Amino acid sequence: MDRFAELNAFCLVANNGGFSAAARQLGVATSSVTRLVDSLEQRLGAPLLNRSTRSITLTDSGRAYFEHAMQILAALDEADNAAGGRDAEPSGVLRIAAPVTLAVRYIAPLLPGFARRHPKVTLDVRLSDNYVNLVEEAVDVAIRIGSPRQQPNLVARQLATHRRHICASPEYLARHGAPRTPAELAQHNCLQFSYGASGHSWRLRRDGREVDIDVRGSLNVNNSEVLREAALGGMGLALLSDWLIRDELAAGTLVAVLAEYDVNPGDMDVVIHAVYPASRRGSAKIRVFTEMLAAALQDE
């Protein structure tokens with residue numbers, strides 16, 4: 001029992017980034033949580049947390065231990081559900097990471113209905129267009145756009161496919177003309193989404209042949225709605241997903257160019273998928289959430 005209390009306290013501190021927040025969640029004094037984590041570190045003979053007055057972070061040993069500890073707690077949670085006959089009624093905290101715009105448009109409207117159907121699940125939704133490390137940030141499931149990275153400890157479930165378009169406002173095209181070939185993109189102001197360390201190129205494919213075009217522009221931004229607004233304002237060409245600009249294309253406020261090409265910033269497989277640790281493969285709360293989101297995206 002003491003070892004479980006230590007394990008639980010440590011994971012709560014790591015998840016919440018501090019002892020006080022973990023203590024509030026447990027309903028005990030902060031000193032009690034500190035003693036449990038101190039006891040765990042002494043028993044293991046290794047420091048698990050870097051402690052300062054400003055932040056609590058995991059050491060290298062703590063990061064490895066945290067990954068295993070979360071698997072143990074998840075397995076125990078699933079065992080409790082199975083033993084109690086609660087497989088049809090998921091419960092507990094579900095931590096979700098998702099891209100900002102996709103979450104606002106497609107996930108947020110689903111949350112009230114999900115909460116009504118699964119009242120014992122508490123949702124912790126974290127929005128970011130940056131790559132999220134599930135282990136380090138204690139995320140149960142991440143929604144990602146693009147080809148999944150092959151990692152043996154993660155499961156990727158495809159939710160939907162989509163298409164990207166190179167588009168611009170009619171005003172921009174009236175001033176600069178529309179590119180007629182991929183090579184002409186180099187002569188245009190190509191507004192770009194910031195994909196971390198990836199290069200500044202767009203990949204186009206037609207009739208099975210692919211070409212990478214180096215593009216340059218006056219805007220790099222890590223939010224797709226800002227990119228869309230810049231394109232609408234006549235700033236330049238942008239590479240945007242159809243689910244983001246469907247209405248603008250229909251209204252003519254954005255115009256697709258080189259429409260005979262499939263286009264992407266990298267791998268041509270354009271998918272939206274859910275990623276979760278392999279250790280959570282049997283999680284009922286992950287299953288019902290991903291099934292709900294897959295159905296909604298495929299309807300769209």
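Residues numbered from 1 in each chain as written. Predicted model: local features only at pLDDT ≥ 70, side-chain atom pairs only at ≥ 80, totals over all residues. Heavy atoms only, no water.

### Points about the nonpolar core
Phase 1: In terms of nonpolar packing, the biggest core is built from 38 residues, with V141, I143, L159, L227, F289 and L297 touching the most fellow members.
Phase 2: Sorting elements by how many residues they give to this core places helix α10 (residues 284–299) first, with seven residues.
Phase 3: Leaving out residues up to four positions away in the same chain, L159 has contacts with I143, I272, H273, A274, T290, L293, A294, L297 and Q298.
Phase 4: Counting residues in each nonpolar core, the second largest holds 21 residues, with A9, F10, V33 and A69 among its members. (Core = buried A, V, L, I, M, F, W, Y, C linked by side-chain atoms within 4.5 Å. Buried < 20%, exposed > 50% of the residue type's maximum accessible area, 1.4 Å probe, protein only. Helix = DSSP H or I, 4+ residues; strand = E, 2+ residues; numbered from the N terminus. Contact = heavy atoms within 4.5 Å.)

### Regarding helix α8 (residues 224–232)
Phase 1: Within α8 the residues assigned to the buried category are S224, L227, R228, A230 and A231. Looking straight down α8, one finds its buried side chains confined to an arc of 160°; they lie on one side.
Phase 2: Residues of α8 that are buried sit in contact with α5 (100–107), β8 (190–193), β11 (220–221), β12 (237–241) and α9 (242–251).
Phase 3: For α8, the N-terminal cap is N223; the gap from its side-chain oxygen to the backbone nitrogen of E225 is 3.0 Å.
Phase 4: The positive-phi residue at the C-terminal boundary of α8 is G234, with phi of around 85°. (Arc of directions from axis to C-beta. Polar contact = N/O pair within 3.5 Å; in protein donor to acceptor, adjacent residues only side chain to side chain.)

### Re the packing of aromatic side chains
Phase 1: Under the defined criterion, the tally for this structure stands at four aromatic pairs.
Phase 2: Ring centres 6.2 Å apart and planes at 80° place the aromatic pair F10 and F66 in the edge-to-face group. Of this pair, F10 sits in helix α1 (residues 2–16) while F66 sits in helix α4 (residues 60–83), and the two are 56 residues apart along the sequence.
Phase 3: When the ring of F114 is compared with that of F289, the centres are 5.9 Å apart and the planes differ by 85°; the resulting orientation is edge-to-face. Remark: F289 occurs in helix α10 and F114 occurs in helix α6 (residues 111–117); sequence separation between them is 175 residues.
Phase 4: The aromatic ring of Y261 is capped on one face by R206, whose charged end is 5.6 Å from the ring centroid. (Phe/Tyr/Trp six-rings, centres within 6.5 Å; stacked < 30°, edge-to-face > 60°. Lys NZ or Arg CZ within 6 Å of the ring centre and 35° of its normal.)

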